[in-house]
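# Geometric and topological summary
Now for the letters of each chain:
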Amino acid sequence: MKKSATLLSICGILFSTFSYSQLAVDSIEINTLKAHIYADGGIWEMQTFDDSTYKNLLFADALWLAGMDTNTNTLHQSAQTYRQGTLDFSAGPISNDPNAPMKYNKVYKVNLQTLTDFKNGNTQGIPQEIADWPAHGDTTMGEDYNLAPFIDVNNDAEYVPGDGDYPKIKGDEAIYTIFNDVNGRTTGNSMGIEVHCLTYGYLTGGVEDSILYREYKVINRSNRDYTDAYLSIFADFDLGTPWDDLAGTAISANSVYTYNADGDDEGPIGFGQNLATCGMRMLQGPPAPLFDGLDNDKDGCIDGVRDANGNCVTESLNGVREQILLSGSMYFNNNSGNQGNPDTPLDYYNYMQSKWKNGNDLIIESPSGFGSVQNGDGFVANNIGTASRYYYPGNSFDTTGAYEPSSATNWFESPNNSADKRTLANAGPFNLNAGELFTIITAYIWSRNSNVDQGYGKINDLLENLGQNYENQPVRTVGLNAYKANQNYQLSFNTASAEWAITNDEDKNLSFELYTTTGQLITKFDVDSGSKITIPTEGFAKGVYLLVETKSGETHKVTK
């Protein structure tokens, strides 16, 4: 049901009309990214504004979970893709209320500035996004009382906006969703899982503008204990025109990513010759089984974690727990073969274990180096060869030696294999007991470059640094100094010309100054009211510059 290059817009409309018609949706649009978030937690179309129009980086994203019931040895699995005929997740907490999926069919979007204005008494009454915040469930219907987090001003454990309470979020803008795999499910054995997901981003003028964070709290509300459980993030990357993309895994960065197969992302929906790349990193994963003998988080500590001083601390039942960070990755094609779309619960479960639908291993097949058409696709009919947990790792490898590849293989995807493929970032196996909860954190990041191999290198560097970006997020507090985005002018980047532009929506002229990062003034210029100009950087050396709107002092980083 996905997508032709010439009919993508029409297909998008059909998807919206038929597949998503029952679900609430809203968009987070806070940096260079715009992402439509549905009430069941999934992303539909993460895009970037490309001078005059939005272009796709990601078509769909969803959470997959599966595990074996320890009492019955029965497979339970919940995995959403495009909602074609079956629904594994529905909106809201697990509830005895048959109307809960509609009651909670909401996407809770919150802006930091609104919270600040409310706290400072600068709003007319209680803003709707604060009043609607799903802080508490209906316990008479079996729902948990404490749902979405909030700032409890008077510490009475009750969310009362009239008392000054307000949502607790991260970033400059955030979307909160609650969903589960029990209410409204249409197929298979549910796990009894409830998920709370916070999606957020920042607007700073720096690298943060290219990052979208997602934090999932996963709760097993069933009475079942699961073993051999796996968690996967399903990501259907689309870089403009979706038919010429290649996939890869950065094992040491716990990441999967995509890049263009050649030097031209052609067509009206493509990025042209200034190519886009996009990746997703798993920053926090499910808890590893105690004392499994593996270095699951790749920090050099087997069955332990490093403390602030770099020492290994042994894990314990009620204390330190090691996380599983990207124990595998997998891809599949948009067809019905052994490498194609999953049909049965076992198909999904096999993919989550980095196996093909028929149970064959992912094989390191004919590794031949970057850009070589001799690289194999990882499916070997007789299943003979070195099995790998990771697809197309390039020269990255599992430094812990737990899984193959345990050394550099030079295995990349062949340019002849470019296609509209789907990818999985996997974590497992782990145990998930009744009542247990854990948090996983992921982040998407994107960039562009006119050269295929340089773009490939750049996205790998960005993914390697993404952990540090997460640990050093911008400081945001709800108060007088909260960040307020300027809505009176817009910055945009033209991928064809590699130039930045300013559109002035003000009713008066605006003045700007351009500085080097060391503070040297390079040029001054004005942008007339209602006009759009290209930032004058002709003749400047390539690098990063600081753009300052002189009246407000608002500063942005731009590149030449």
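### Let's talk about unusual backbone geometry
Residues other than glycine predominantly adopt negative phi, and peptide bonds predominantly adopt the trans conformation. In this structure, proline 405 follows glutamate 404 across a cis peptide bond, with omega equal to 0 degrees. Structurally, proline 405 can be placed in the loop between helix H5 (345-352) and strand S20 (422-432). With omega at 0 degrees, the peptide bond leading from glycine 428 into proline 429 counts as cis. The residue asparagine 155 is not glycine, and still its phi comes out positive at about 55 degrees. Within the fold, asparagine 155 resides in the loop between strand S8 (150-151) and strand S9 (166-167). For asparagine 155, a relative accessible area of 66% corresponds to the exposed category. In this model, alanine 157 sits at a positive phi of 65 degrees, which is unusual for a non-glycine residue.

### Structural notes on the side chain of aspartate 265
Within the element layout of this structure, aspartate 265 appears in the loop between strand S15 (255-260) and strand S16 (275-284). The charged side chain of aspartate 265 is buried without a salt bridge, its nearest counter-charge being lysine 55 at 7.1 Å. At a separation of 2.9 Å, a polar atom in the side chain of aspartate 265 contacts the main-chain amide nitrogen of phenylalanine 271. In contact with aspartate 265, not counting residues within four places along its chain, are Leu239, Gly240, Thr241, Asp244, Asn260, Gly270, Phe271, Gly272 and Leu275.

### Focus on the state of the cysteines
Applying the stated criterion across every chain yields a total of one disulfide. Paired through a disulfide, cysteine 301 and cysteine 312 show a sulfur-sulfur distance of 2.0 Å. Where cysteine 301 bonds to cysteine 312 through sulfur, the torsion about that S-S bond is close to -80 degrees, and the disulfide is left-handed. Remark: cysteine 312 occurs in strand S18 (residues 312-314) and cysteine 301 occurs in the loop between S16 and strand S17 (304-306); sequence separation between them is eleven residues.

### Thoughts on the packing of aromatic side chains
By convention here, two paired aromatic rings are described through the distance between centres and the angle between planes. All told, the structure shown has 33 aromatic pairs when counted by the stated rule. Each ring, one from tryptophan 133 and one from tyrosine 176, has its centre 5.2 Å from the other, and the planes form 50 degrees; the classification is tilted. Highlighted residues: tryptophan 133 in the loop between helix H4 (128-131) and S8 and tyrosine 176 in strand S10 (residues 173-180), separated in sequence by 43 residues. Among the residues examined, tryptophan 133 registers a relative accessible area of 4% and is labelled buried. Taking relative accessible area as the criterion, tyrosine 176 reaches 5% and is therefore assigned buried. An aromatic cluster is present here, built from Phe59, Trp64, Tyr82, Phe234, Phe332, Tyr348 and Tyr351 joined pairwise through their rings. Its end group placed over the ring of tyrosine 54, lysine 34 keeps NZ or CZ at 4.7 Å from the ring centre. Across from the ring centre of phenylalanine 271, 5.9 Å away, lies the NZ or CZ of lysine 55, which sits over that ring.

About the thresholds
- Residues numbered from 1 in each chain as written.
- Predicted model: local features only at pLDDT ≥ 70, side-chain atom pairs only at ≥ 80, totals over all residues.
- Heavy atoms only, no water.
- Helix = DSSP H or I, 4+ residues; strand = E, 2+ residues; numbered from the N terminus.
- Buried < 20%, exposed > 50% of the residue type's maximum accessible area, 1.4 Å probe, protein only.
- Lys, Arg positive; Asp, Glu negative; His and termini not counted.
- Salt bridge = Lys/Arg side-chain N within 4 Å of Asp/Glu carboxyl O.
- Polar contact = N/O pair within 3.5 Å; in protein donor to acceptor, adjacent residues only side chain to side chain.
- Contact = heavy atoms within 4.5 Å.
- Disulfide = S-S within 2.5 Å.
- Phe/Tyr/Trp six-rings, centres within 6.5 Å; stacked < 30°, edge-to-face > 60°.
- Lys NZ or Arg CZ within 6 Å of the ring centre and 35° of its normal.

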